[in-house]
Every structure is written in structure tokens, then in C-alpha cells.
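Inside the fold
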Amino acid sequence: VTTAVADITAPTIPTGLVASSITSSSFTLSWTASTDAVGVTGYRIYSGGVLVGTSATTSFVFTGLTSSTSYSITVAAFDASSNISSLSTALSVTTLIATYTISSSAGAHGGISPSGSVVVNQGNNQSFAITPDATYMVDSVLVDGVSVGAVTSYTFSNVTAAHTISASFKLI
């Protein structure tokens, strides 16, 4: 008669947590595999102590995150007998700040500064100066295709999206 011995030993604690491909809303977490007498079945991934998912491999992709935010990540291994390791040492991962592009352009006989594609961090302000050539004046400034009048400056406040700004000029 053979008696089965119950597996009561938890897997080793996951180590070597590393974050890669960090963006403003996602990152990939990887770690060194745990070992177990019977075999590791998978891993539980926690953010701030809250279970956010499981993985059968030694990586996990976090998505839908908030930009410029720190996350405290830990991992625990489990086996087929539901034995769970202690949590790994926490890894702090900070997502990048979101950026948006404002495209600026000016017609003949004047300029806009800065010109071209301007990358702006989320929540920041970006000002533009519109300057006509001698004997010309600002005819119209369009922001996202809508006229804001014949202004010589314009500021995008608390930028949370991409924008366009264009200026046209006419003789005085």
C-alpha cells in the first residue's frame, strides 16, 4: 500500500522584479522564477497590496494606469496544492507623464513661435506668440479649427489633449 504525502511546502519567494517598457499608462513586469518541490503553477500579482491578476509565466503586463503615478508591486508564487509563497520585495514603478503634441503653423507674411510640433506634458500650459511681418497684421488665429480672433498670443492651459493652432496675415 502506497500512501500519498500531501504537499504542504510553499514555493520560494519570487525575486528580481524588474519593470520594462514603461509608458504613461502601462508597463511590463518580469521576475525570476520561483521553485517548488512539486512545481510552481503560477503567480499572483499585487499592486498596493491588492491582487490585480495572475500569470502562469514570469511576466505580467499592467495596462490602464494613470500617468505620472507610482505603483508598489509585489508577486507571490503558488503551486497546485494551493500553497502560496510569501510576497516578494516590493518594486516601485512610476509611469511616465503623458505628453501631447500641439501643431502650430503660420501663413505667408508672419510667424508663430514656437512653430511646428511642440510636445507638452499633461497639465502644463503652452503659449504661442503670433507676429506679423512689417506692413502686415494678424488676420485670424484658428485653434483646433475654430477662430479665436486676430490675437497676437494664445495660451493652451492645462493641456490634456493634442491641439492645432494656425495663423494667417493680411496687409494693414
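Above this text sits the structure in question.
The following paragraphs examine the structure supplied in this document. All of these numbers come straight from a predicted model, not from anything done at the bench. (Residues numbered from 1 in each chain as written. Predicted model: local features only at pLDDT ≥ 70, side-chain atom pairs only at ≥ 80, totals over all residues. Heavy atoms only, no water.)

Regarding its fold elements, the protein presents zero helices and 15 strands. Here the protein has a C-alpha radius of gyration of 28 Å; the compact-globule value for 172 residues is 16 Å, and the former is much larger. Overall size of the protein, expressed as C-alpha extent along the three principal axes, is 105 × 20 × 20 Å. Across the 172 residues of the protein, 31% fall into the buried class. Restricting to contacts in the protein with at least 6 residues of sequence separation, those with at least 24 account for 59%. Accessible surface, the protein as shown: approximately 9,300 Å² in total, 54% of it carbon and sulfur. (Helix = DSSP H or I, 4+ residues; strand = E, 2+ residues; numbered from the N terminus. Rg over C-alpha atoms; globule rule 2.2 N^0.38 Å. Buried < 20%, exposed > 50% of the residue type's maximum accessible area, 1.4 Å probe, protein only. Contact = heavy atoms within 4.5 Å. Areas by Shrake-Rupley, 256 points an atom, 1.4 Å probe, with all protein chains shown as cover.)

What follows concerns unusual backbone geometry. Residue P114 is reached from S113 by a cis peptide bond, and omega for that bond is -5°. For P114, the location among the structural elements is in the loop between β9 (110–113) and β10 (116–121). You will see that S21, though not glycine, has its phi angle at about 50°, which is positive. As for its position among the elements, S21 is in the loop between β1 (15–20) and β2 (27–32). A positive phi angle, near 55°, is found at D144, a position not held by glycine. As for its position among the elements, D144 is in the loop between β12 (136–143) and β13 (146–147).

To continue, consider the sheet that holds strand β6 (residues 70–79). Strand order across the open sheet formed by four strands is β4-β3-β6-β7, with antiparallel pairing between neighbours. The open sheet has two edge strands with one neighbour each: β4 (50–55) and β7 (91–94). Sheet twist, expressed as the average angle between the axes of neighbouring strands with direction ignored, equals 35°. In this structure, strand β3 (residues 40–47) lies alongside β6, joined through seven bridges in antiparallel fashion. Bridge assignment links S47 to a residue of β6, and that residue is I73. (Pairing = 2+ DSSP bridges. Axes fitted to C-alpha atoms, helices over the stretch in contact; angles between N-to-C directions.)

On to the environment of V61, then. Relative to the helices and strands, V61 resides in strand β5 (residues 59–62). Residues V61 and S26, 35 residues apart in the sequence, show an inter-C-alpha distance of 7.2 Å.

Moving on to the packing of aromatic side chains. A full pass over the atoms with the stated rule returns five aromatic pairs. Note on F27 and F62: the rings are 4.5 Å apart at their centroids and 20° apart in plane angle, and the pair reads as stacked. Taken together, the residues span a long stretch of sequence, with F27 in strand β2 and F62 in strand β5 at a distance of 35 residues. Each member of the pair, F27 as well as F62, carries the same accessibility label: buried. Both rings, one in Y154 and one in F156, keep their centres 5.0 Å apart while their planes meet at 75°; by these two values the pair is edge-to-face. The class for F156 is buried, based on a relative accessible area of 5%. Aromatic ring contacts, followed pair by pair, group F27, F60 and F62 into a single cluster. Between R44 and the ring centre of F78, over which it is positioned, the NZ or CZ distance is 5.6 Å. (Phe/Tyr/Trp six-rings, centres within 6.5 Å; stacked < 30°, edge-to-face > 60°. Lys NZ or Arg CZ within 6 Å of the ring centre and 35° of its normal.)

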